Amino acid sequence: MSTGNPALVAVIREHILARGPQPFAWFMDQALYHPEHGYYSSDRAEIGRRGDYFTNVSVGPLFGELVAVEFAEIWDRLGKIDNFVIVEQGAHHGEFARDVLDSLKRRSAKMFSAVRYRIVEPFPRLQDRQAQTLKEFGNRVQWCASLDDLESFVGIHFSNELLDSMPINLRDKLVGLNGDRFVFVDSPNEQRTNQSQLDWIAKVANRLQLGVVLAIDYGFARSEFREVLQVRAKHRSLDSPFEQIAEADITAHINWTDIAQVAKKNGLRLMGFTDQHHFLTGIISACPEIIADERCTRALQTLLHPEMLGRSFQVLALTRDVDLAAPLSGFKFARDPRQQLGL
């Protein structure tokens, strides 16, 4: 029998009984984002040692401080624009936004005065948690429920482990029932696996007037792409997405080439692509004093080490109407992005 939140398991089962086998993207959307019972929407997701998984933000404030250096460089390269907007999606409880704004306030007062921070967050429970985390910054931080509600802006769109949690389809598979158990059944029709991710980058492109998109996640170029689904709870990998439904995280690796191609069709230009190790090393080379504190050592090792987060994550940079004579610091040590992505 499939396990997890009993109310949501019943909702999914009744839907399949009434309408037949469903695309995996629909199942994943219910498990993660059902308005009442979903893993993320109900604020059940926890990161860090006591949670279900580690991420860059759970390592501590250093990640936000390093990325804030890159944000400041982008602001400087774009002419130190007033009313410069940083948009974040996938903000969880707001720790990254807090670390960035705190760092800018201490290190780049002029940019801090020019910045407006916007969080795209559809779920009220998470908005409330974020508002508590960010209350010291007052109305400098504002929220909207979706990209459709976001006004066009000049600045940066940032995401960290957002794309991997977008509902995807699995090739040639639907979700059906065998008695009380959810099972995979063969699909008679070919389905685009990552349509939600492609729709997302098209919407981001539509909202960005001028600036940079930075997306950090894990995946492959198309030539190396393989369908990888991960289900995790309490730092343990589960065998099936039908275990601990709405109580476990479900993620999928990204096809970065697809993202870059759809971005280009929507007016964005590929600026950089590298792994997190090289991205953060480039930022540190431009601002070495940021890691002078000995307390940074363990966090830095986790963020950079190839066997930890350093090679697990990749960083994609896209631009609109920005022509940089030299690469941003985070891409100082990167190879040709078009070559890496097979474009």
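Residues numbered from 1 in each chain as written. Predicted model: local features only at pLDDT ≥ 70, side-chain atom pairs only at ≥ 80, totals over all residues. Heavy atoms only, no water.

### Focus: the overall build of the protein
Across its full length, the protein carries 11 helices and 15 strands. Seen through its C-alpha atoms, the protein measures out along the principal axes to roughly 60 × 45 × 40 Å. For the protein, the proportion of contacts with a sequence separation of at least 24, taken over those separated by at least 6, is 77%. Once the 39 positive and 44 negative side-chain charges of the protein are each reduced to a mean point, those two points are 3 Å apart. (Helix = DSSP H or I, 4+ residues; strand = E, 2+ residues; numbered from the N terminus. Contact = heavy atoms within 4.5 Å. Lys, Arg positive; Asp, Glu negative; His and termini not counted. Charge placed at Lys NZ, Arg CZ, Asp CG, Glu CD.)

### Focus: the sheet that holds strand 7 (residues 181-186)
Pairing is antiparallel in the open sheet, where three strands are placed in the order 1-6-7. A single partner strand is all that each edge strand has here, and the edge strands are strand 1 (22-23) and strand 7. By the bridge criterion, six bridges tie strand 6 (residues 173-178) to strand 7 in an arrangement that is antiparallel. In the sheet register, Gly176 faces strand 7, and the bridge partner there is Val183. (Pairing = 2+ DSSP bridges.)

### Some points on the sheet that holds strand 2 (residues 84-89)
Overall, mixed pairing links the seven strands, which are arranged 4-3-2-5-8-15-14 in an open sheet. The sheet terminates laterally at strand 4 (141-144) and strand 14 (269-275), the two strands that pair on one side only. Strand-to-strand twist in this sheet, taken as the mean axis angle between neighbours without regard to direction, amounts to 20 degrees. Across six bridges, strand 2 lies against strand 3 (residues 115-120) in parallel orientation. Counterpart to Ile86 in the pairing with strand 3 is Tyr117. Packing against the sheet, helix 8 (residues 256-265) makes contact with strand 8 (208-217), strand 14 and strand 15 (314-320), and its axis sits at approximately 5 degrees to strand 15. (Axes fitted to C-alpha atoms, helices over the stretch in contact; angles between N-to-C directions.)

### Examining empty space enclosed by the protein
Per the stated rule, a full pass over the model turns up one cavity of 30 Å³ or more. Of the pockets and cavities examined, the largest cavity occupies roughly 100 Å³. Taken together, 15 residues line the largest cavity, and the ones lying closest to its centre are Ile168, Thr193, Phe225, Ala252 and His253. Taken together, the residues that form the lining of the largest cavity break down as seven nonpolar, six polar and two charged. (1 Å grid on protein atoms, 1.4 Å probe; cavity = no way out; pocket = protein on both sides within 12 Å on 5 of 7 lines; lining within 4 Å. Points joined across faces, edges and corners; volume = space filled by probe spheres on them. Nonpolar A, V, L, I, M, F, W, Y, C, P; charged D, E, K, R; others polar.)

### Observations concerning the packing of helix 7 (residues 195-207) against helix 8
Running from N to C, helix 7 and helix 8 point in directions that differ by 35 degrees, and their axes come no closer than 9 Å. Between helix 7 and helix 8 the crossing geometry is right-handed. Across from Gln197, Leu198 and Ile201 in helix 7, the residues of helix 8 making contact are Asp258, Ile259, Val262 and Ala263. Class assignment for the residues of the contact of helix 7 with helix 8 results in five nonpolar, one polar and one charged. (Left-handed = near helix turned anticlockwise from the far one by under 90°.)

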